[in-house]
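Listed here are the chains, written in short residue letters.
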Amino acid sequence: MHSTQLAPEAHKRALIAGSIGNFIEWYEFAVYGFMATVIAKNFFQLDGEAGLTSLILTYASFAIAFFFRPLGAIVFGRIGDRIGRKPTLIIVLVLMTLATAAIGLVPVYASIGIAAPLIITGLRILQGLFAGGEYGGAVSLMTEFAPRGKRGLYGAWQSFTVALGLLAGAGIVALLSALLTPEALHDWGWRIPFFIALPLGAVALWLRVSMEETPSFVKQQAKPVAVKAQTSATLKAIVMGIGRVMVWSAAGYTYLVIMPAYLQSALHTGFNQALLIAVISNIGFALTIIPSGILSDRIGRRTVMVIAAALLLILALPLLKMLQAESSTLAVKAIVVLIAGGLVGMLAGPGPAMLSEMFPTRVRYTGLGLAYSLSNAIFSGCAGLIITGLIKETGNLDIPAYYVMATAVVSIVALMTLNKDDHLRSLEE
């Protein structure tokens, strides 16, 4: 069954069903990230410890979820490469939704003591595990359904729903902090965003149950099993993939997720202003994703991604200096984070298709899921810890920029090894 014979409805359904799980996953990650200060006080403010310690502990439980993503990518990737994209994505979605909603039910430290942070951390681990199984499947689904010459666009939708999820998370948190008193938000209001995952999950489940299996997977299942995937070739591709998306992971977290906490703790910006800046950086991110995905279908993934990484290398420090400047108005800060977010979007647009094109169908779910989740575990999950830790040690507030610059150098080198015309060949080749 060739992708050309599929009804346009099947393409659209696959795109929406793939996107919605991502949306929920990133909505919830954003909520946890933006509520970090509230969660820190409720769960990690251990007796006799300083405030910064509780924030570092909150980020540690944020990071731990990332470390279980690669494990999830292996477990669910193997299942997805064996039994199909569709059933695996349904399993992952149900588990992820339940784990998220459960966070909203956990009693606080004041009422059950040390069990509270432990339960929260346990649920974060489960979330990480299930989320790890989401990405490889969603990207495989979208790119395998994509008509030839449109993989960049289809893959970009995956990243675009990440942006929408982050924006929805920030929006809900901003709405709650506007409607509720700080006490109410702190007491029970913070639980609401986690419960919202349930109705969202129900909609996603309905969409995923009604979609079809991908043509590439169906075709590959029909082939004799004689073709064994070369493990060494797959591992090499995974390592290369990590190098290519390293700057995307590092810059994405630095600018889109950690920035609000950095502005509050290091630059003493107010909570609402920091949240507004986070929303603006995510809008910048959202604006460039689809255009850069489309552009990569025209001129190739390599060109678009190398330009974005080079711009991040050149602009990271000047942009941060502008954020730090006493004289910078809110408008200037908004423009700075809008540009930073936009540059990350230029990587996130072509990124999914680029990863998908690196792996054959029979290991694609596992391979691209692992490359992406390992890169995120190392360079995003730890970004909060690395940056806060280094700032605490050195007192140097430029750390976030150096972090982005270092990863940009590696990624530029790795991206230069891409073939110019990978975007033109079919995924089966």
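No experiment lies behind these values; they were computed from the predicted model shown.

Caption draft 1: Expanded view of the overall build of the chain. Regarding its fold elements, the chain presents 19 helices and zero strands. In terms of overall dimensions, the chain is globule-like: its C-alpha atoms have a radius of gyration of 21 Å, near the 22 Å expected for 429 residues. Across its three principal directions, the C-alpha atoms of the chain cover 65 × 45 × 35 Å. Taking as baseline every contact in the chain between residues at least 6 positions apart, the subset at least 24 positions apart corresponds to 86%.

Caption draft 2: Expanded view of the packing of aromatic side chains. What the rule picks out here adds up to seven aromatic pairs. Relative to Tyr-372, the ring of Tyr-135 has its centre 3.4 Å away and its plane inclined at 5°; by these criteria the two rings are stacked. Of the two residues, Tyr-135 is situated in helix α6 (residues 115-145) and Tyr-372 in helix α17 (residues 361-381); the sequence distance between them amounts to 237 residues. Note on accessibility: Tyr-135 and Tyr-372 belong to one class, buried.

Caption draft 3: A look at the packing of helix α13 (residues 271-299) against helix α14 (residues 301-324). Taken N-terminus to C-terminus, the directions of α13 and α14 make an angle of 130°; their axes are 7 Å apart at the nearest point. When the axes of α13 and α14 are compared, the pair comes out oblique. Between α13 and α14, the contacting residues are Ser-292, Gly-293, Leu-295, Ser-296, Asp-297 and Ile-299 on the first element and Arg-301, Thr-303 and Val-304 on the second.

Caption draft 4: The pattern of salt bridges, seen in detail. This model, assessed by the stated rule, comprises 11 salt bridges. Between Glu-25 and Arg-69 there is a salt bridge, with the nearest N and O atoms lying 2.5 Å from each other. One end of the pair, Glu-25, is in helix α1 (residues 8-34); the other, Arg-69, is in helix α3 (residues 51-83), and 44 residues separate them in sequence. A relative accessible area of 2% places Arg-69 in the buried class. Two residues, Arg-301 and Glu-357, come together in a salt bridge whose shortest N-O distance is 2.7 Å. Here Glu-357 lies in the loop between α16 (351-356) and α17 and Arg-301 lies in helix α14, a separation of 56 residues in the sequence.

Caption draft 5: Region of the structure containing α1. Here α1 contains 27 residues, and its C-alpha end-to-end distance of 38 Å stays within 8% of the 39 Å for a straight helix at 1.5 Å per residue. Taken across its 27 residues, α1 has 22 buried, putting it largely inside the fold.

Caption draft 6: Inspection of the environment of Tyr-27 at higher detail. By secondary structure assignment, the location of Tyr-27 is in helix α1. Along the primary structure Tyr-27 and Gly-137 are separated by 110 residues, whereas in three dimensions their C-alpha atoms are 18 Å apart. Those residues in contact with Tyr-27 that lie beyond four places of it in its chain are Gly-165, Leu-166, Ala-168, Gly-169, Ile-172, Pro-193, Ile-196 and Leu-200.

Caption draft 7: Broad picture of the nonpolar core. Within the largest apolar cluster, 114 residues are counted, with the highest numbers of intra-cluster contacts made by Met-35, Phe-43, Tyr-253, Tyr-255, Phe-285 and Leu-355. The element that contributes the greatest number of residues to this core is helix α12 (residues 231-265), accounting for 17 residues. Here Phe-43 is in contact with Val-106, Pro-107, Val-108, Tyr-109, Ala-116, Pro-117, Ile-120 and Trp-190, once residues within four sequence places are set aside. Counting residues in hydrophobic clusters, the runner-up holds 14 residues, among them Ala-10, Leu-141, Ala-204 and Leu-207.

Caption draft 8: Examining the packing of α1 against helix α2 (residues 36-44) more closely. Between α1 and α2, whose axes approach to 5 Å, the crossing angle comes to 70°. Accordingly, the angle class assigned to the pair α1 and α2 is roughly perpendicular. For the pair formed by α1 and α2, the contact residues are Tyr-32, Gly-33 and Phe-34 on the first element and Ala-36, Ile-39 and Phe-44 on the second. For the contact of α1 with α2, the class distribution of residues is five nonpolar, one polar and no charged.

Caption draft 9: Molecular detail of a nonpolar patch on the surface. Taken together, the side chains of Leu-71, Ile-74, Val-75, Ile-79, Ile-83, Ile-91 and Leu-95 define a hydrophobic patch exposed on the protein surface, amounting to about 520 Å² of accessible area. When residues of the nonpolar patch are traced back to their parent elements, those giving at least two are α3 and α4 (85-103). In terms of residue count, the dominant contributor to the nonpolar patch is α3 (five residues). On the basis of relative accessibility, which here comes to 39%, the residue Val-75 falls in the partly exposed class.

Caption draft 10: Layout of the side chain of Ser-375. Mapped onto the elements, Ser-375 comes out in helix α17. Setting aside anything within four residues of it in sequence, one finds Ser-375 in contact with Ile-242, Val-245, Met-246, Ser-249 and Ser-380.

Caption draft 11: Representation of the confidence of the model for the chain. Within the chain, residue pLDDT values average 86, and 93% of them lie at 70 or more. Per-element averaging of pLDDT across the chain places helix α18 (residues 383-394) at the bottom with 80 and α16 at the top with 94.

Caption draft 12: Focus on the side chain of Arg-244. Note on placement: Arg-244 falls in helix α12. At 3.2 Å, the side chain of Arg-244 and the backbone oxygen of Ala-414 are in polar contact. Beyond its immediate sequence surroundings of up to four residues, Arg-244 is in contact with Met-305, Met-354, Met-358, Ser-411, Ala-414, Leu-415, Thr-417 and Leu-418.

The rules behind these values
- Residues numbered from 1 in each chain as written.
- Predicted model: local features only at pLDDT ≥ 70, side-chain atom pairs only at ≥ 80, totals over all residues.
- Heavy atoms only, no water.
- Helix = DSSP H or I, 4+ residues; strand = E, 2+ residues; numbered from the N terminus.
- Rg over C-alpha atoms; globule rule 2.2 N^0.38 Å.
- Contact = heavy atoms within 4.5 Å.
- Phe/Tyr/Trp six-rings, centres within 6.5 Å; stacked < 30°, edge-to-face > 60°.
- Buried < 20%, exposed > 50% of the residue type's maximum accessible area, 1.4 Å probe, protein only.
- Axes fitted to C-alpha atoms, helices over the stretch in contact; angles between N-to-C directions.
- Parallel < 35°, antiparallel > 145°, perpendicular 65-115°, else oblique.
- Salt bridge = Lys/Arg side-chain N within 4 Å of Asp/Glu carboxyl O.
- Expected span 1.5 Å × (residues − 1).
- Core = buried A, V, L, I, M, F, W, Y, C linked by side-chain atoms within 4.5 Å.
- Nonpolar A, V, L, I, M, F, W, Y, C, P; charged D, E, K, R; others polar.
- Patch = residues over 30% accessible without salt bridge, like charges linked within 9 Å, V, L, I, M, F, W, Y side chains within 5 Å.
- Areas by Shrake-Rupley, 256 points an atom, 1.4 Å probe, with all protein chains shown as cover.
- pLDDT = per-residue confidence, 0-100.
- Polar contact = N/O pair within 3.5 Å; in protein donor to acceptor, adjacent residues only side chain to side chain.

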